[in-house]
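Descriptive analysis of the structure
Spelled out, the chains give:
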Amino acid sequence: MTRKFFVGGNWKCNGTTDEVKKIVATLNQAEVPSEDVVEVVVSPPFVFLPLVKSLLRSDFHVSAQNCWVRKGGAYTGEVSAEMLTNLDIPWVILGHSERRALLAESNEFVGDKVAYALAQGLKVIACVGETLEQREAGSTLEVVAAQTKAIAERVKNWDNVVIAYEPVWAIGTGKVASPAQAQEVHEDLRAWLAANVGSDIASTVRIIYGGSVNGANCRELAAKADVDGFLVGGASLKAEFIDIIKSATVKSA
Ligand code: PGA
């Protein structure tokens, strides 16, 4: 069983047209391992998706950062899964902790979104992760399992799902989880999937790590058995994102 290394760049709410063009130019010039070795997906804000898609090299793919929970209609300010498929946007990030916390997206709401997006043909990067308070209370696995359970109850086919384990305390803080901390949660979550969803799914679904990943710490994290790649925020706006993509070679070394 092999799980192809996955590197996602989450640009969050950043960028101007000129900045976006510069980032894409840097990505387009980069020499990186082939698509057989690493799957690369970048996620600009909605408004830049068509531009990025039109300029980006064909071996890299694009993702939205969110989409609406059901069919479009009278939902002012929302973007539907149908619109993303209409624009040939293959991926969407759902359940990011910033949306869970700031926009009060519940586990159930995220689970509904994942199921709806998959049903429309999108591939989903589904984010889970505990807060510092929850970690210190010893409930990391309980939290991550509950978030995953809400997805598992609504989703049968996991082929188009990547799970991003992103401890909230590590996001944008410069405080990266140690490779051992990341591996522990990834392994526990995989065991939870084996016990509650199915052993085939547990062994094939990719669990990527997110939270202050950068060019300097990526190789050590990538070396861990259950770390199948990364979801990168801040560093995905910089040239060091290329080094993070290259860390995929740690797996084949
Ligand atoms: P960070 O963000 O790399 O800036 O910590 C990761 C994420 O939120 O996906």
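Let me begin by describing the structure that accompanies this report. (Residues numbered from 1 in each chain as written. Predicted model: local features only at pLDDT ≥ 70, side-chain atom pairs only at ≥ 80, totals over all residues. Heavy atoms only, no water.)

Regarding the pairing of strand β1 (residues 5-10)
To keep it simple, the criterion reads: Working definition: with a 1.4 Å probe on protein chains only, accessible area under 20% of the residue-type maximum means buried, over 50% means exposed, and in between means partly exposed. Going along the chain from the N terminus, every DSSP run of H or I of four or more residues is numbered as a helix, and every run of E of two or more is numbered as a strand. Being paired, for any two strands, means DSSP has found at least two bridges between them. We call a crossover right-handed when, viewed with both strands directed away from the observer, the connection leading from the first strand over the helix to the second proceeds clockwise.
In terms of burial, β1 is largely enclosed, as six of its six residues are buried. Alternating positions in β1 separate into two faces, F5, V7 and G9 on one and F6, G8 and N10 on the other, with burial throughout. Examined bridge by bridge, β1 and strand β2 (residues 38-43) share six bridges and lie parallel to one another. Bridge pairing in β2 places F6 opposite E39. Remark: the β1/helix α1 (residues 17-29)/β2 crossover connection has right-handed handedness. The pairing of β1 with strand β8 (residues 229-232) spans four bridges and is parallel. Following the sheet pairing, G9 is matched in β8 by V232.

Overview of the site of the ligand
This is how it is decided: Proximity is defined per residue: if any heavy atom of the residue lies within 4 Å of a molecule or strand, that residue is considered near it. As used in this structure description, the phrase polar contact means that two N or O atoms lie within 3.5 Å; if the pair is within protein, one of them must be able to donate a hydrogen and the other to accept it, and residues adjacent in sequence are counted only when both atoms belong to side chains. Reported accessibility uses the Shrake-Rupley method at a 1.4 Å probe radius. Residues are deemed covered only where the shown protein chains occlude them. Each residue receives one of three labels: charged for Asp, Glu, Lys and Arg, nonpolar for Ala, Val, Leu, Ile, Met, Phe, Trp, Tyr, Cys and Pro, and polar for the others, Gly being one of them.
Neighbouring the ligand are 13 residues, the closest being K12, H96, E166, G172 and S212. At 2.7 Å, a side-chain N or O of H96 approaches an oxygen atom of the ligand. Within the complex, the protein chains bury 95% of what would otherwise be the 280 Å² of accessible surface of the ligand. Split by residue class, the shell around the ligand holds four nonpolar, seven polar and two charged.

Notes on the state of the cysteines
Filter applied, for reference: Here, the term disulfide refers to a pair of cysteine sulfur atoms separated by no more than 2.5 Å.
Taken as a whole, this structure holds zero disulfides when the rule is applied. Free cysteine: C13, not disulfide-bonded; nearest cysteine sulfur from C127 at 16 Å. The exposure class of C13 is exposed, given its relative accessible area of 78%. Not part of a disulfide, C67 finds its nearest cysteine sulfur in C127, a span of 12 Å.

Honestly, that's just the spatial picture; any functional story needs more than this.
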